[in-house]
Amino acid sequence: MADELEALERELHRSVRRRSRERLLVLLHPDFREIGYSGREHSRDAILANLSDGEPPGVHAEGFRCRRIAPGTVLVTYRSARVSADGHLSRHALRSSVWLREAGHWRMIFHQGTPTGQTSGHTT
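Since the model is a prediction, treat every value here as computed from it, not as a measurement.

**Description of helix H1 (residues 2-13)**
So, point 1. The terminal C-alpha atoms of H1 lie 17 Å apart, and with 12 residues this matches the ideal 16 Å at 1.5 Å per residue to within 8%.
So, point 2. Residues Leu5, Leu8, Glu9, Glu11, Leu12 and His13 constitute the buried set of H1.

As structure tokens, this is what we get:
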């Protein structure tokens, strides 16, 4: 379970997935809500409406932890940072996501990014 959820989180960091409406419809629950790094709240519909063909920044993520909070419900937490073209890390954040297991598939229903101090600085 933990490896699968980490892989899904990392999939959402990749630009090809972040631009794929079809894949986001599968990964994001219809009731999905996000509180972004900026503190603004976004719905699944708002995220889908704002898909871009532009290249989003790279993401460094580390320290994944999974905790079952109810049957079929898992809280995933980790640290992240944006990675510039020269490998510089910025916009460090603590991340948390709630994933629901429905019909044999995981779907993210909630995500939050909270600004924080630096990660370890190792890129993956």
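**Comments concerning the nonpolar core**
So, point 1. Core analysis: the largest hydrophobic core is formed by 16 residues, its most contacted members being Leu5, Leu8, Leu12, Val76, Trp99, Trp106 and Met108.
So, point 2. Looking at this core, the elements with two or more residues in it are H1, helix H3 (21-27), strand E1 (28-35), strand E3 (58-70), strand E4 (73-83) and strand E6 (105-115).
So, point 3. Not counting residues up to four positions away in its chain, the partners in contact with Trp99 are Leu5, Leu8, Glu9, Leu12, Leu27, Gly72, Thr73, Val74, Val76, Trp106, Arg107 and Met108.

**Examining the sheet that holds E1**
So, point 1. The strand order across the open sheet formed by 6 strands is E2-E1-E6-E5-E4-E3, and the pairing between neighbours is mixed. Only two strands of the sheet have a single neighbouring strand rather than two, namely strand E2 (41-43) and E3. Each strand axis lies, on average, 15° off the axis of its neighbour in the sheet, ignoring direction.
So, point 2. In this structure, E4 lies alongside strand E5 (residues 89-102), joined through 10 bridges in antiparallel fashion. Looking across to E5, one finds that Arg79 is bridged to Leu94.
So, point 3. The sheet strands contacting H1 are E3, E4, E5 and E6, and the helix crosses E3 at an angle near 140°.

**Notes on the pairing of E4**
So, point 1. Pairing analysis gives 10 bridges linking E3 to E4, with the strands arranged antiparallel. From the neighbouring strand, Val59 faces E4, where its bridge partner is Arg82.
So, point 2. Between E3 and E4, which pair antiparallel and follow one another directly, the connecting turn spans 2 residues, one of which, Gly72, has a positive phi of 70°.

**Some remarks on the pattern of salt bridges**
So, point 1. For the coordinates displayed, the defined rule picks out 4 salt bridges.
So, point 2. We note a salt bridge from Glu6 to Arg10, for which the minimum N-O separation is 2.9 Å. Of this pair, Glu6 and Arg10 both sit in helix H1, 4 residues apart, roughly one helical turn.
So, point 3. Overall, Glu6 belongs to the partly exposed group, its relative accessible area being 24%.
So, point 4. Since its relative accessible area comes to 24%, Arg10 is described here as partly exposed.
So, point 5. Note that Arg23 and Glu11 form a salt bridge whose closest N and O atoms lie 2.6 Å from each other. With Arg23 in helix H3 and Glu11 in helix H1, this residue pair connects regions lying 12 residues apart in the sequence.
So, point 6. Here Glu11 falls in the buried class, since its relative accessible area comes to 8%.

**Considerations on the environment of Ala93**
So, point 1. By the secondary structure assignment, Ala93 is in strand E5.
So, point 2. Residue Ala93 is classed as buried on the basis of its relative accessible area, which comes to 0%.
So, point 3. Setting aside anything within four residues of it in sequence, one finds Ala93 in contact with Tyr37, Tyr78, Arg79, Ser80, Thr114, Pro115 and Thr116.

**Notes on the environment of Leu100**
So, point 1. Here Leu100 shows up in strand E5.
So, point 2. The class of Leu100 is buried, set by a relative accessible area of 17%.
So, point 3. The spatial distance from the C-alpha of Leu100 to the C-alpha of Thr73 is 4.7 Å, given a sequence separation of 27 residues.
So, point 4. Residues contacting Leu100, with those up to four places away along its chain left out, are His29, Gly72, Thr73, His105, Trp106, Arg107 and Ile109.

Analysis parameters
Along each chain, residues carry numbers from 1 onward, in the same order as the chain's sequence is written. This being a predicted model, a pLDDT of at least 70 is required before a residue's local features are given, and a value of 80 or more before pairs of side-chain atoms are given or counted; all residues contribute to the totals for chains, interfaces and linings. Computation of side-chain values covers all heavy atoms of the structure but excludes hydrogens and water. Helix and strand definitions follow DSSP, with helices as H or I runs of at least four residues and strands as E runs of at least two, each counted in order from the N terminus. Helices are assigned an expected span. That span is 1.5 Å times one less than the residue count. Partly exposed residues are those whose accessible area sits between 20% and 50% of the maximum for their type, while under 20% is buried and over 50% is exposed, using a 1.4 Å probe and protein chains only. Only buried residues count toward a nonpolar core, which is a set of Ala, Val, Leu, Ile, Met, Phe, Trp, Tyr and Cys residues joined through side-chain atoms within 4.5 Å. What makes two residues a contact is simply this: any of their non-hydrogen atoms within 4.5 Å. DSSP calls a pair of strands paired once it identifies at least 2 bridges connecting them. Angular values range over 0 to 180 degrees, each being the angle between N-to-C directions of two axes fitted as lines to C-alpha atoms, with helices fitted over their stretch in contact. Here a salt bridge means any side-chain nitrogen of Lys or Arg lying within 4 Å of a carboxyl oxygen belonging to Asp or Glu.

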